[in-house]
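As a plain string of letters, each chain reads:
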Amino acid sequence: MTVQSNFYNYTSMSQAFKSIIKADGVRGLFAGYGATFIRDAPFAGIYLFFYEGCKTWANDYTVSHNVPVANAVINMGSGVAAGMAATCTTQPFDMLKTRMQLKPMMYKNLIQSAKKVYLEEGLMGFFDGISVRLIRKPLNSAISWTIYEEVVRWYNRKDQLLKEKL
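Note that the structure is a prediction, hence the values are computed from the model and not measured.

Peer 1: Whenever I open this one, the packing of aromatic side chains confuses me. Can you help?
Peer 2: Here the structure, examined in full by the defined rule, presents seven aromatic pairs. Taking 6.1 Å as the distance between ring centres and 15° as the angle between the ring planes, the aromatic pair formed by Phe43 and Tyr47 counts as stacked. Of this pair, Phe43 and Tyr47 both sit in helix H2 (residues 33–64), separated by four residues, roughly a single helical turn. Neither residue differs from the other here; Phe43 and Tyr47 are each classed as buried. Summarising the aromatic geometry, the rings of Tyr51 and Trp145 are spaced 5.2 Å apart at their centres and angled 45° between planes, so their arrangement reads as tilted.

Rendered as structure tokens:
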């Protein structure tokens, strides 16, 4: 994350690596790991839950109302909705992770960082940066899952054609 931000002006990964080791030791390489884990594990579960739910609802709706909609459109829409839900739910952990990575001397661990944010900024502090994340994360996830679904659909059709020829 530190290479992605403008907070540090690293010119390369090796320069970032050396600088982090010099300033914070090996521990600095793992700054924000706990918050990253707490963000990513639930994100995947929350995303999948909402994705499958939205996809099922959309498929049922299109069938019951006789509305022809391409599977890719349903997958993309479900992916965006699921990505928004998962992003909003996990935002506090992403914000904590980012602060722990950018300012490890000020934000030392997850509990201390959460207390500091709450005392200085209140509950809304945990949603600092959500607009940027909402622009990137849901669409990224939706594109990935749509491609995955289309590849699976293509493979299944190909497999079915091979079985029919036999």
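Peer 1: I tried to follow the packing of helix H3 (residues 71–102) against helix H4 (residues 110–121) on my own but got confused; where do I start?
Peer 2: A pair of packed helices is captured by two measures, namely the crossing angle of their axes and the spacing between those axes. As a packed pair, H3 and H4 sit with axes 10 Å apart at the nearest point and diverge in direction by 105°. By the criterion of interaxial angle, the relationship of H3 to H4 is roughly perpendicular. Packed against H3, whose contacting residues are Met95, Leu96, Arg99 and Met100, the element H4 presents Leu110, Ser113, Ala114, Val117 and Glu121 at the interface. Broken down by class, the residue content of the contact of H3 with H4 amounts to six nonpolar, one polar and two charged.

Peer 1: Looking at this structure, I do not really get the UniProt feature "repeat: Solcar" (unreviewed entry) in the protein. What am I missing?
Peer 2: The sites that UniProt annotates as "repeat: Solcar" (unreviewed entry) are residues 1–57 and 70–154. Secondary structure over residues 70–154 splits into 81% helix and 0% strand, and the C-alpha atoms at its two ends are 14 Å apart.

Peer 1: Hey, could you run me through the packing of H3 against helix H5 (residues 130–165) in this one?
Peer 2: The geometry of H3 relative to H5 is characterised by a closest axis approach of 7 Å and an angle of 140° between their N-to-C directions. By the angle class used here, H3 and H5 are oblique. Crossing of H3 over H5 shows right-handed handedness.

Peer 1: Even after reading the chapter, I still don't get the environment of Thr98, so can you show me in this structure?
Peer 2: Considering the arrangement of structural elements, one finds Thr98 in helix H3. One polar contact links Thr98 to Lys97, side chain to side chain, over a distance of 3.4 Å.

Peer 1: What am I meant to see in helix H1 (residues 13–24) here?
Peer 2: Every α-helical turn comprises 3.6 residues, leaving residues that sit three or four positions apart pointing alike. Taking 1.5 Å as the rise per residue, H1 with twelve residues should run 16 Å; its terminal C-alpha atoms sit 16 Å apart, in good agreement. Residue Gly25 follows H1 closely and has a positive phi angle near 75°.

Peer 1: Sorry, what's going on with the nonpolar core here?
Peer 2: Looking at soluble globular proteins, one finds that nonpolar side chains tend to be buried together. Counting seven residues, the largest nonpolar core is built from Met95, Leu96, Met100, Tyr107, Leu110, Val117 and Phe126. Put simply, the parts of the chain that give this core at least two residues each are H3 and H4. One finds Phe43, Ile46, Tyr47 and Tyr51 within the second-largest nonpolar core, a separate group that totals six residues.

Peer 1: Any chance you could explain the pattern of salt bridges here in plain terms?
Peer 2: A side chain of one charge can pair with a side chain of the opposite charge if their charged atoms are brought near each other. All told, the structure shown has nine salt bridges when counted by the stated rule. Ionic pairing is found between Glu52 and Lys55, a salt bridge with its closest N-O pair at 3.6 Å. Pair noted here: Glu52 and Lys55 are both in helix H2, with a separation of three residues, about one helical turn. Among the salt bridges present, the one from Asp94 reaches Arg133, with a minimum N-O distance of 3.6 Å. Here Asp94 is found in helix H3, whereas its partner Arg133 is found in helix H5, with 39 residues between them in sequence. Given a relative accessible area of 9%, Asp94 falls into the buried group. Shared partners join several salt bridges into a network, and the residues in it are Glu52, Lys55 and Glu149.

Peer 1: Help me understand the domain arrangement of the protein in this model?
Peer 2: Often, the extent of an interface is quoted as the loss of accessible area on bringing the components together. Parsing the protein into structural domains produces domain 1 (13–128) and domain 2 (130–165). Look at where the C-alpha atoms of domain 1 and domain 2 centre, and you get two points 21 Å apart. With 22 residues of domain 1 at the contact, the number on the domain 2 side is 14 residues. Counting each side, the surface lost to burial between domain 1 and domain 2 is near 1500 Å², with a carbon and sulfur contribution of 65%.

What counts and what doesn't
- Residues numbered from 1 in each chain as written.
- Predicted model: local features only at pLDDT ≥ 70, side-chain atom pairs only at ≥ 80, totals over all residues.
- Heavy atoms only, no water.
- Phe/Tyr/Trp six-rings, centres within 6.5 Å; stacked < 30°, edge-to-face > 60°.
- Helix = DSSP H or I, 4+ residues; strand = E, 2+ residues; numbered from the N terminus.
- Buried < 20%, exposed > 50% of the residue type's maximum accessible area, 1.4 Å probe, protein only.
- Axes fitted to C-alpha atoms, helices over the stretch in contact; angles between N-to-C directions.
- Parallel < 35°, antiparallel > 145°, perpendicular 65-115°, else oblique.
- Contact = heavy atoms within 4.5 Å.
- Nonpolar A, V, L, I, M, F, W, Y, C, P; charged D, E, K, R; others polar.
- UniProt positions renumbered as here; feature names shortened; annotations may be inferred.
- Left-handed = near helix turned anticlockwise from the far one by under 90°.
- Polar contact = N/O pair within 3.5 Å; in protein donor to acceptor, adjacent residues only side chain to side chain.
- Expected span 1.5 Å × (residues − 1).
- Core = buried A, V, L, I, M, F, W, Y, C linked by side-chain atoms within 4.5 Å.
- Salt bridge = Lys/Arg side-chain N within 4 Å of Asp/Glu carboxyl O.
- Domains from an automatic or database assignment.
- Buried area = accessible area lost by both parts, 1.4 Å probe.

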